[in-house]
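Fold and geometry: a report
Single-letter residue listing:
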Amino acid sequence: MSDLAREAKELDASDELAGLRARFVLDDAVYLDGNSLGALPAAVPDRVADVVRRQWGELRIRSWEESGWWTAPERIGDRIAPLVGAAPGQIVVGDSTSVNVFKAVVAAVRLAGEGRDEILVDASTFPTDGYIAESAARLTGRTLRAVTPAEVPAALGPRTAAVLLNHVDYRTGRLHDLPGLTAAVHEAGAYVVWDLCHSAGALPVGLDEHGVDLAVGCTYKYLNGGPGSPAYLYVRHDLQDRFDSPLPGWNSHAEPFGMRPEFEAAHGARRGRVGTPDILSMLALEAALEVWDGVRVEAVRAKSLALTDFFLKCVTAYVPEGRVECVTPLAHAERGSQVALRCPDAGDVMKRLIERGVIGDFRAPDVLRFGFTPLYVGFADVERAARVLAEVLADAAA
Ligand SMILES: *Cc1c(COP(=O)(O)O)cnc(C)c1O
């Protein structure tokens, strides 16, 4: 056994989260794509079967009340809240991240008021956020300016209405300074929208602590909600009464069953809803969130950093120097829960890695992306992934 394999064994033996792996359905592969689609939590299949067979099949319409379908978006929002540092009553689950970005950006512009005519967007953003910010700018008559998160403080001014930022860069895994950037946006009198897709469930976010205005995120990555599971929207408590959704629907009406022609917004998180929620996906997510019972996000963060540190150590030991370039920051304060390695033949390399049971993903044009989900990835997995990577790179070179 190599020194690194022995070290991995010791790290696994002292890992207080190691037992959580049993809460998931996994196989022999090393699954490093939980930042794209989280693994299946073991409680989900039976719950979904019950929702379909009993709640829908037998109770039918009664389930809106008796099975808690109607209140699920707020109830599940409150289950996500502690994972992102939010007090109850501020998060609603539903729609996709893309749709929630739209609601949040337009609402932020409306909060900022007439005098402010510019929206700033993260130039390195996940594409959908950029497309939607552009459309939101056109609809609200504002101009859109793309700047890197580092350029945001200098770009802020009396014209700034809203700023849309990604907490962790999906490609490089860089973690941005949420407290500092939020404070800078507020100093300029503007509103900030954070996209938490690559941070929620992997590291502490501290939405309330840092005074974030609005936030969105998906639930199928580190929250393991399943393919296309509904996203969430956070609206800070003291902004809720002024939150003016561009998609008011009957679900966000103060009196949804009054069937009135005039819209009157509901109070609280429910104001972020639109139409009838996707109950099957929503309740699969609710079952999936049970894997977090008794888990502290701080412990998850500590293990995540240990995993990515150990992966970099193994890659450095196994892979010939210069064959791959790490584009993920080495400083812990700037690292999310993934490692991105650049190499010219990344697409081909990832195909071969997957054939050999190491599942990461490829992001065009030249990035190998490895996501480390501390709930079910261990240190022996990490050592194996780096070892197989080195073998594949050696084969590709031959
Ligand atoms: C994954 C991801 C999305 C996905 O949006 P959907 O509407 O769920 O397709 C959006 N933004 C970021 C930053 C992401 O990482």
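Structural notes, computed from the coordinates. Keep in mind that what you see is a predicted model, and the values were worked out from it rather than measured.

Bringing the side chain of S63 into the picture now. If you trace the backbone, S63 turns up in helix α3 (residues 63–66). We classify S63 as buried; its relative accessible area is 0%.

Let's shift gears to the environment of G249. Inspection of the secondary structure puts G249 in the loop between β10 (232–235) and α9 (279–288). What makes G249 buried here is its relative accessible area of 15%. Separated by 14 residues in the primary sequence, G249 and F263 have C-alpha atoms spaced 8.2 Å apart.

Here helix α1 (residues 3–13) crosses helix α10 (residues 297–318) at 170°, and the two axes come no closer than 11 Å. It follows from the interaxial angle that α1 and α10 lie roughly antiparallel. Of the residues in α10, those in contact with L4, E7, A8 and L11 of α1 are F310, K313, C314, A317 and Y318. Here the contact of α1 with α10 is composed, by residue class, of 7 nonpolar, no polar and 2 charged.

Take the pairing of strand β8 (residues 191–195) next. Where burial is concerned, most of β8 is hidden: 5 out of the 5 residues are buried. Burial along β8 is two-sided: the residues Y191, V193 and D195 and V192 and W194 are all buried. As defined by bridge partners, strand β7 (residues 160–166) adjoins β8 across 5 bridges and the pair is classed as parallel. Its bridge partner lying in β8, A162 is registered against Y191. Handedness of the crossover is the feature at issue here: the chain leaves β7, passes through helix α8 (residues 178–187), returns alongside β8, and the resulting connection is right-handed. Pairing analysis gives 3 bridges linking β8 to strand β9 (residues 214–217), with the strands arranged parallel. Considered in β9, the bridge of W194 is made with A215.

Backbone-to-backbone hydrogen bonds pair the strands of a sheet. The strands run either parallel or antiparallel. Pairing in this open sheet of 7 strands is mixed, and the strands run β4-β10-β9-β8-β7-β5-β6 from one edge to the other. Edge positions in the sheet fall to β4 (91–93) and β6 (143–147), since each has one partner strand and no second. Each strand of the sheet is rotated relative to its neighbour by a mean of 15°, with strand direction disregarded. Contacting β4 and β10, helix α4 (residues 72–80) runs over the sheet at an angle of about 120° to β4.

Before going further, it helps to examine the sheet that holds strand β12 (residues 338–342). Strand order in the open sheet made by the 4 strands is β11-β12-β15-β14, with antiparallel pairing throughout. At either margin of the open sheet sits one strand with a lone partner, and together these are β11 (325–326) and β14 (361–363). Where β14 and strand β15 (residues 367–371) come together, 3 bridges link them in antiparallel fashion. Along β15, the bridge assignment pairs R363 with V367. Packed on one face of the sheet, α10 meets β11, β12 and β15 and runs near 30° to β12.

How each quantity is defined
- Residues numbered from 1 in each chain as written.
- Predicted model: local features only at pLDDT ≥ 70, side-chain atom pairs only at ≥ 80, totals over all residues.
- Heavy atoms only, no water.
- Helix = DSSP H or I, 4+ residues; strand = E, 2+ residues; numbered from the N terminus.
- Buried < 20%, exposed > 50% of the residue type's maximum accessible area, 1.4 Å probe, protein only.
- Axes fitted to C-alpha atoms, helices over the stretch in contact; angles between N-to-C directions.
- Parallel < 35°, antiparallel > 145°, perpendicular 65-115°, else oblique.
- Contact = heavy atoms within 4.5 Å.
- Nonpolar A, V, L, I, M, F, W, Y, C, P; charged D, E, K, R; others polar.
- Pairing = 2+ DSSP bridges.
- Right-handed = clockwise from strand over helix to strand, strands pointing away.

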